[in-house]
Amino acid sequence: MMSASWMLLLLACCGHGNPKSVGQMLPAVPGDDFPSDVRSVFLKDKSHTDKMEVSSPVNLTLQCTWTDNDNKVDNITGFWRKDERDIDNSHVTLRQENQQFQLQRMFIIKDEESLGNYSCVFGNEAKADFILTVPHMGDVRDKPVVSYVGDSVVLLCKMDDNKPKPKTWLWFRANGTDKEQIDTVTEPEKYQMKNDEKSTKLHVYNLTHDDSVLFYCSAVFAIGSAVSHLELKVITIYEPLKPFVAIVLEVLVLVAAILLFESSRSKKAQAQDASGDEVANTEAPTTNAEPPTTTTVTTPSGESNGLDENPSARQRNVENVAQQKQ
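Just so we're clear, the structure is a prediction, and the values are computed from it rather than from any experiment. (Residues numbered from 1 in each chain as written. Predicted model: local features only at pLDDT ≥ 70, side-chain atom pairs only at ≥ 80, totals over all residues. Heavy atoms only, no water.)

Colleague: What is the right way to read the overall build of the protein chain from this model?
Modeller: Helix and strand counts for the protein chain come out as three helices and 17 strands. Looking at the protein chain as a whole, 30% of its 326 residues are labelled buried. The contacts of the protein chain with a sequence gap of at least 6 include a subset with a gap of at least 24, amounting to 62%. Total accessible area computed for the protein chain in this model is approximately 21,900 Å², and 52% of it derives from carbon and sulfur atoms. (Helix = DSSP H or I, 4+ residues; strand = E, 2+ residues; numbered from the N terminus. Buried < 20%, exposed > 50% of the residue type's maximum accessible area, 1.4 Å probe, protein only. Contact = heavy atoms within 4.5 Å. Areas by Shrake-Rupley, 256 points an atom, 1.4 Å probe, with all protein chains shown as cover.)

Laid out in structure tokens, this is it:
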């Protein structure tokens, strides 16, 4: 009977090559010092994605089982990919057993280059993705941390309680397009770092406008680092007053405009009143004056002379009439 090693060698020699490959990748030999783990998926649809966080090196066996065989094929070609590139010598012919196809392979995950997207592929029918990453940071802050010139600030990064604790923490700050590591030993008056098991705090003192940059915290694990960032914005104490000052100025402008409008309207009203008074004074003698008194003098013959007399003339006429009667 052919031994298992000869079977593996035969599969390696007869596997199908592919121009888009990641190089010769024979079935991995387990690392002696690495623990072993198994990750399995059951494909009932055409695709499936499984995410896995890895904090330390591991001998990882990935298993795929596909049961959705609509075309009722008895044989199918199965193979593996890493980051959408075929793994050489991973193509095998799978036979249906108990109405399902099974494909598995062991991978040595030892560093950050070993992480990525591993896919088991069943011909053109189905695919399952295993996405391997370092543990993600929790509580990622979207808004910037705001502080004032000359003040100090505390920047915080932490892992979730259910995540493994990192070996250590590191801090960096943006320097143009690069990142420079913060050294609290050489700049103790500027920076101070306090690390706990799953959190880290960076104290930044004597803030200036030059500190308005991105700061990066890095949780260092045995297999790689998880990185998060915080934006620091340094302002003057007068900057928060700018919106209030703008509102006050707008109110003052509005009040001034209202006062000018009211003053203009008042002047127009006074001018109209003065014009009306002048017109009234001009029309008063013709409309309100009484007609002159007309006195009709009757002669002894009983006829009126038809003349209007003034008071002195009337007096003389009365005296003449009296003398005639005597």
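Colleague: It is not clear to me how the state of the cysteines should be interpreted in this structure. Could you clarify?
Modeller: Note on terminology: a disulfide is the covalent bond linking the sulfur atoms of two cysteines. The tally for this structure, following the rule as stated, stands at two disulfides. Here Cys64 connects covalently by a disulfide to Cys120, the sulfurs 1.9 Å from one another. The sign of the S-S torsion, about -100°, decides the handedness of the disulfide formed by Cys64 and Cys120: left-handed. Linking Cys64 in strand β3 (residues 58-66) with Cys120 in strand β8 (residues 116-122), this pair joins segments that are 56 residues apart in sequence. (Disulfide = S-S within 2.5 Å.)

Colleague: I tried to follow the sheet that holds strand β7 (residues 101-109) on my own but got confused; where do I start?
Modeller: Read from one edge to the other, the open sheet built from three strands follows the order β1-β3-β7, with strand pairing classed as mixed. Strand pairing shows two members of the sheet lacking a second neighbour, β1 (36-43) and β7, which therefore form its edges. Neighbouring strand axes in the sheet, compared pairwise and without regard to direction, differ in orientation by 15° on average. Both β1 and β3 contribute to a ladder of eight bridges, which runs parallel. Each residue of the ladder has a partner; that of Leu43, found in β3, is Trp66. (Pairing = 2+ DSSP bridges. Axes fitted to C-alpha atoms, helices over the stretch in contact; angles between N-to-C directions.)

Colleague: I tried to follow the sheet that holds strand β13 (residues 178-181) on my own but got confused; where do I start?
Modeller: Strands pair in a sheet through their backbones, by hydrogen bonds, and they do so in one of two ways: parallel or antiparallel. The strand order β10-β17-β16-β12-β13 describes an open sheet built from five strands, whose pairing is mixed. Bordering the open sheet on either side are β10 (145-148) and β13, each of which pairs with just one other strand. Sheet twist, expressed as the average angle between the axes of neighbouring strands with direction ignored, equals 35°.

Colleague: I'm lost on the pattern of salt bridges in this one. Help?
Modeller: Close approach of charged atoms lets side chains of opposite charge pair. Applying the stated criterion across every chain, the model contains 12 salt bridges. With a closest N to O distance of 2.9 Å, Arg39 and Asp50 form a salt bridge. Taken together, the positions of Arg39 in strand β1 and Asp50 in strand β2 (residues 47-53) put the pair 11 residues apart, joining distant regions of the chain. In this structure Arg39 comes out as partly exposed when scored by relative accessible area, which is 27%. Asp50 gets classed as buried once you look at its relative accessible area, which sits at 13%. We note a salt bridge from Arg81 to Asp86, for which the minimum N-O separation is 2.8 Å. Here Arg81 falls in the partly exposed class, since its relative accessible area comes to 23%. Look at the salt bridges and you will find they share partners, linking Arg81, Glu84, Asp86, Lys127 and Asp129 into a network. (Salt bridge = Lys/Arg side-chain N within 4 Å of Asp/Glu carboxyl O.)

Colleague: Explain the packing of aromatic side chains here, please?
Modeller: Aromatic ring pairs are defined here through the distance separating the ring centres and the angle between the ring planes. By the definition in use, this model includes four aromatic pairs. Measuring from ring centre to ring centre gives 5.7 Å for Trp66 and Phe101, while their planes differ by 25°; the resulting arrangement is stacked. With Trp66 in strand β3 and Phe101 in strand β7, the pair connects residues that are 35 residues apart, well separated along the chain. On the basis of relative accessible area, Trp66 is assigned to the buried category, the value being 1%. The class for Phe101 is buried, based on a relative accessible area of 0%. Their ring planes at 50° and their centres at 4.7 Å tell us that Phe107 and Tyr118 sit as a pair that is tilted. Placement of the pair is Phe107 in strand β7 and Tyr118 in strand β8, with a sequence separation of 11 residues. Through a chain of ring-to-ring contacts, three or more aromatic side chains come together here, namely Trp66, Phe101 and Phe122. Stacked on the ring of Phe172, the Lys or Arg Lys179 has its end atom at 5.8 Å from the ring centre. (Phe/Tyr/Trp six-rings, centres within 6.5 Å; stacked < 30°, edge-to-face > 60°. Lys NZ or Arg CZ within 6 Å of the ring centre and 35° of its normal.)

Colleague: How should I be thinking about the side chain of Thr65 in this particular structure?
Modeller: The residue Thr65 is located in strand β3 in this model. A residue is classified by how much of its surface remains accessible, and Thr65, at 6% relative accessible area, is buried. Every residue in contact with Thr65, bar those within four places of it in the chain, is listed here: Val41, Phe42, Leu43, Gln100, Phe101 and Gln102.

Colleague: Got a minute to help me understand a negative patch on the surface in this structure?
Modeller: On the surface, Glu180, Asp183, Glu187 and Glu189 cluster together into a patch of negative charge. Looking at the secondary structure, you find Glu189 in the loop between β13 and β14 (191-195). (Patch = residues over 30% accessible without salt bridge, like charges linked within 9 Å, V, L, I, M, F, W, Y side chains within 5 Å. Lys, Arg positive; Asp, Glu negative; His and termini not counted. Charge placed at Lys NZ, Arg CZ, Asp CG, Glu CD.)

Colleague: Hey, could you run me through the environment of Thr61 in this one?
Modeller: Structurally, the position occupied by Thr61 is in strand β3. Residue classification places Thr61 among the buried residues on the basis of a relative accessible area of 17%. In this structure, the C-alpha to C-alpha distance between Thr61 and Arg39, residues 22 residues apart in sequence, is 6.2 Å. With near-sequence residues (within four places) excluded, Thr61 lies in contact with Asp37, Val38, Arg39, Gln104, Arg105 and Met106.

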